[in-house]
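As a plain string of letters, each chain reads:
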Amino acid sequence: MMTSPTSEQLLATHPRASTAPDDRARASVDRSGFIPQSFADGVIFAQDIDDVVLAMKLASEHGVKIVPRGAGTGLAAGSCAQAGEVVLDLSAMNRILSLDPVQGIAVVQPGVINAAVNQAAQEHGLFYAPDPASTAICSIGGNIATNAGGMWCAKYGVTRESVLGLLVVLPDGQLLRTGRRTIKGVAGYDMNALLIGSEGTLGIVVEATLRLRPRPIHTATLISYFPDEAAAASAASAVIAAGLTPSVLELMDGKTLGAVDSALGTDHHSRGGALLLAQTDGYGAHLEMQALQVAIEPLAGHSELAQDPQHAEALVEARRQAIPSMEKLGTVSICDIGVPRNRLAEAIAGLQRIEAERGVSIFVIAHAADGNLHPIIVVPEGQSITSASPKAALADMFYLAKDLGGTLTGEHGIGLLKQDWLPEEVGETSLQLQRRLRAVFDPQGILNPGKAI
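One structure accompanies this document, and this report is about it. Since we're looking at a predicted model, the values are computed, not measured.

With respect to the helices, strands and loops of the structure, arginine 95 is situated in the loop between β4 (85–89) and β5 (96–100). Note: C-alpha distance between arginine 95 and isoleucine 240 (145 residues apart in sequence) is 39 Å. Look past the residues within four positions of arginine 95 in its chain and what remains in contact with it is Val108, Gln109 and Val112.

Laid out in structure tokens, this is it:
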């Protein structure tokens, strides 16, 4: 194995370092489908804050490039690594340090799995609102790095709205506390919000103070089938136009239903060409659900209202299993665009046009209540997703979103995969300012190099 001299010094000094080929290979990729041309020089498996501080002090001293990593479930190649870099793996820092049910606050380490936080909160009648479909495998640190969203975003907000404070190790090894434990606070610049969504380029989160919310007293769950994606998208827009705020409003296209049926043995696709999963919650859950049904009734075919929590969870599971079902078909590239909510149908029509023009297979799922679509390109195993037709299709998706007044990414981040198109969205003035800001935190440029901006 060839490693850079500076990496060798760090790896030889840190007690948690590994240069085993399997560790290096595993730590160099994520779920984006991006395959680096080489693997990281080594991996540091942090067990506590001191391990992270030591790693960054050594990295700063020797000029070693560090790639932070959590559960490795990122979808924009934000934690992929290559030769000349060392991965700092935080997955073993996975404890819930404290949970205050009266204040509704949990203090956790970055490697804690999202679902584990909700499991602990549920014992006290609480829940943690950011709920990615990958909740069972994604970590809180990764959620913070990308400002992750999920199915409850439209009503409860994304990660930024549920993280009150952070403890961060800066690139030179200093510790920084941001935020507070109160619900409100405006002392100084909002460093907390700046770090959330910074994709591991400004500092490494080693502790997070999370806001928990009372678990809704009632939840109503509906699944509705439509003749096609256009009708389902129009129904989602009708829900928003009616002034309703469902806690969940998820769209799955016909190809996705077919993939789920194939993987799980269900029969969703036989009932319609597209699906909407809707939930309303709170004391008025059932009344709001009635209003939602009225809004979508003119467009819907068969609808099914859950009769009990077990039935509801079975309906939700089809959505959670959408991406794993596609992964059984080949290599997936999960795109992430956002459009104004009233232009959802136009976005789906545009994606269907891109599929036909580029000759790639595109599946579509969407957080329909906030206009965040996930067009997913599936290619045969071994085929590149970062060149030829797949890359051209990714570019087309961005320009589609831009033309509709939308954005390149709603929740997955830029990572390595989307950098080609970032300047066109944010503009050169903003991009240069962001780069200068990054240099304030990391003047040596050692933290997650080449990612995000």
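A word on the sheet that holds β4. Spatially, the four strands line up as an open sheet ordered β1-β2-β4-β3, and their pairing is mixed. Edge positions in the open sheet fall to β1 (17–18) and β3 (65–69), since each of these has one partner strand only. In the sheet, β3 pairs with β4 via five bridges, with the strands oriented parallel. Within β4, the residue paired with arginine 69 across the bridge is aspartate 89. Docked against the sheet, helix α3 (residues 49–62) engages β2 (42–45), β3 and β4, running at close to 165° with respect to β4.

Below, the discussion takes up the packing of helix α1 (residues 5–13) against α3. Where α1 meets α3, the closest approach of the two axes is 10 Å, and the angle between their N-to-C directions is 150°. Taken as axis vectors, α1 and α3 run roughly antiparallel relative to one another. You can see that α1 and α3 cross each other, and the crossing is right-handed. In this structure, α1 uses Thr6, Gln9, Leu10 and Thr13 to contact α3, whose residues at the interface are Ala55, Leu58, Ala59 and His62. Residue composition of the contact of α1 with α3, grouped by class: four nonpolar, four polar and no charged.

Before going further, it helps to examine unusual backbone geometry. The backbone of alanine 388 sits at a positive phi, close to 55°, despite the residue not being glycine. Mapped onto the elements, alanine 388 comes out in helix α14 (residues 388–403). In this structure alanine 388 comes out as exposed when scored by relative accessible area, which is 64%. The backbone of alanine 452 shows a phi angle near 60°, a positive value even though the residue is not glycine. Mapped onto the elements of the fold, alanine 452 is located in the segment after α16 (428–441). For alanine 452, a relative accessible area of 7% puts it in the buried group.

Procedures and definitions
Residues numbered from 1 in each chain as written. Predicted model: local features only at pLDDT ≥ 70, side-chain atom pairs only at ≥ 80, totals over all residues. Heavy atoms only, no water. Helix = DSSP H or I, 4+ residues; strand = E, 2+ residues; numbered from the N terminus. Contact = heavy atoms within 4.5 Å. Pairing = 2+ DSSP bridges. Axes fitted to C-alpha atoms, helices over the stretch in contact; angles between N-to-C directions. Parallel < 35°, antiparallel > 145°, perpendicular 65-115°, else oblique. Left-handed = near helix turned anticlockwise from the far one by under 90°. Nonpolar A, V, L, I, M, F, W, Y, C, P; charged D, E, K, R; others polar. Buried < 20%, exposed > 50% of the residue type's maximum accessible area, 1.4 Å probe, protein only.

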